[in-house]
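# An overview of the molecular structure
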Amino acid sequence: KHKVVKIWSMKHVDRNPLEECNLVDITMEQELSHDMAIESIASSPGNEMLLTGDRMGDVRLWCCGKNVFLPSSSRQWTCQRVFSWRSKFDLMSVDDSMQFAITSIEFLGENIFVTGSKSGNL
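Right, let's walk through the structure included here.

Here we take up the overall build of the protein chain. On a plain count of helices and strands, the protein chain comes out with 1 helix and 8 strands. Traced from its N-terminal end to its C-terminal end, the protein chain shows the element sequence β-β-β-β-β-β-α-β-β. Burial statistics for the protein chain: of 122 residues in total, 30% are counted as buried. Within the protein chain, counting contacts between residues at least 6 apart in sequence, those at least 24 apart form 44% of the total. Just so you have it, the protein chain exposes about 8300 Å², and 55% of that area is on carbon and sulfur atoms.

Below you can see the structure in the form of structure tokens.
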């Protein structure tokens, strides 16, 4: 399954008058890796933070920044923290682990977020 979040950038290139549509240049900027398959993702209101939830119940907080030593470089996302509400020893079987999957995640303002899991826990 998918263990990577891909960050893409879009830049307006030109307008195609024949097809009445805009043309854009799309470039993959970065890949954000997880240990397990990613089930959900949310961006903060200011688009400076991402949350990703994986199949084992871990939530990663990603923050965006620029390299101060390379001002012309693109913004980079780094994992600032991993939140896990369970012990690694809680898992007994594959079926047990599937109940921990973070299937929904949402920012509630700038500093609070909420998650939901397959087991129905919020």
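Inspection of the entire model under this criterion finds 2 salt bridges. Salt-bridge contacts for Asp-35 lead to Arg-60; the nearest nitrogen and oxygen are separated by 3.4 Å. Of this pair, Asp-35 sits in the loop between strand E2 (21-33) and strand E3 (38-43) while Arg-60 sits in strand E5 (residues 58-65), placing them 25 residues apart in sequence. Arg-60 sits in the buried class, given a relative accessible area of 9%. Measuring nitrogen to oxygen at the nearest pair gives 2.9 Å for the salt bridge that ties Glu-39 to Arg-55. One end of the pair, Glu-39, is in strand E3; the other, Arg-55, is in the loop between strand E4 (49-54) and E5, and 16 residues separate them in sequence.

As a further point, take the environment of Ile-26. Take Ile-26: it is sitting in strand E2. With relative accessibility at 46%, the residue Ile-26 sits in the partly exposed group.

Let us now look at the environment of Val-59. Within the secondary structure, Val-59 is located in strand E5. For Val-59 and Ser-84, which are 25 residues apart along the polypeptide, the C-alpha to C-alpha distance reads 6.5 Å. Once you skip the residues sitting within four places of it in the chain, Val-59 turns out to touch Leu-51, Thr-52, Gly-53, Arg-81, Val-82, Phe-83, Ile-102, Ile-105, Phe-113 and Thr-115.

Moving on, we get to the sheet that holds E5. Spatially, the 4 strands line up as an open sheet ordered E3-E4-E5-E6, and their pairing is antiparallel. Either end of the sheet is taken by a strand with one partner, and the two such strands are E3 and strand E6 (76-84). Strand-to-strand twist across the sheet, computed as the mean angle between neighbouring axes with direction ignored, equals 20 degrees. Pairing of E3 with E4 involves 5 bridges; the strand directions are antiparallel. From the neighbouring strand, Ile-41 faces E4, where its bridge partner is Thr-52.

Here we come to a nonpolar patch on the surface. On the surface, Trp-8, Met-10, Val-24, Ile-26 and Met-28 cluster together into a nonpolar patch covering about 530 Å² of accessible area. With 3 residues, the single largest contributor to the nonpolar patch is E2.

Using the criterion set out here, one finds 0 disulfides in the structure. The thiol of Cys-63 is unpaired, and the distance to the nearest cysteine sulfur, on Cys-64, comes to 8.8 Å. Residue class for Cys-63 comes out partly exposed when judged on its relative accessible area of 21%. Overall, the relative accessible area of 14% leaves Cys-64 in the buried class.

Definitions and limits used
Residues numbered from 1 in each chain as written. Predicted model: local features only at pLDDT ≥ 70, side-chain atom pairs only at ≥ 80, totals over all residues. Heavy atoms only, no water. Helix = DSSP H or I, 4+ residues; strand = E, 2+ residues; numbered from the N terminus. Buried < 20%, exposed > 50% of the residue type's maximum accessible area, 1.4 Å probe, protein only. Contact = heavy atoms within 4.5 Å. Areas by Shrake-Rupley, 256 points an atom, 1.4 Å probe, with all protein chains shown as cover. Salt bridge = Lys/Arg side-chain N within 4 Å of Asp/Glu carboxyl O. Pairing = 2+ DSSP bridges. Axes fitted to C-alpha atoms, helices over the stretch in contact; angles between N-to-C directions. Patch = residues over 30% accessible without salt bridge, like charges linked within 9 Å, V, L, I, M, F, W, Y side chains within 5 Å. Disulfide = S-S within 2.5 Å.

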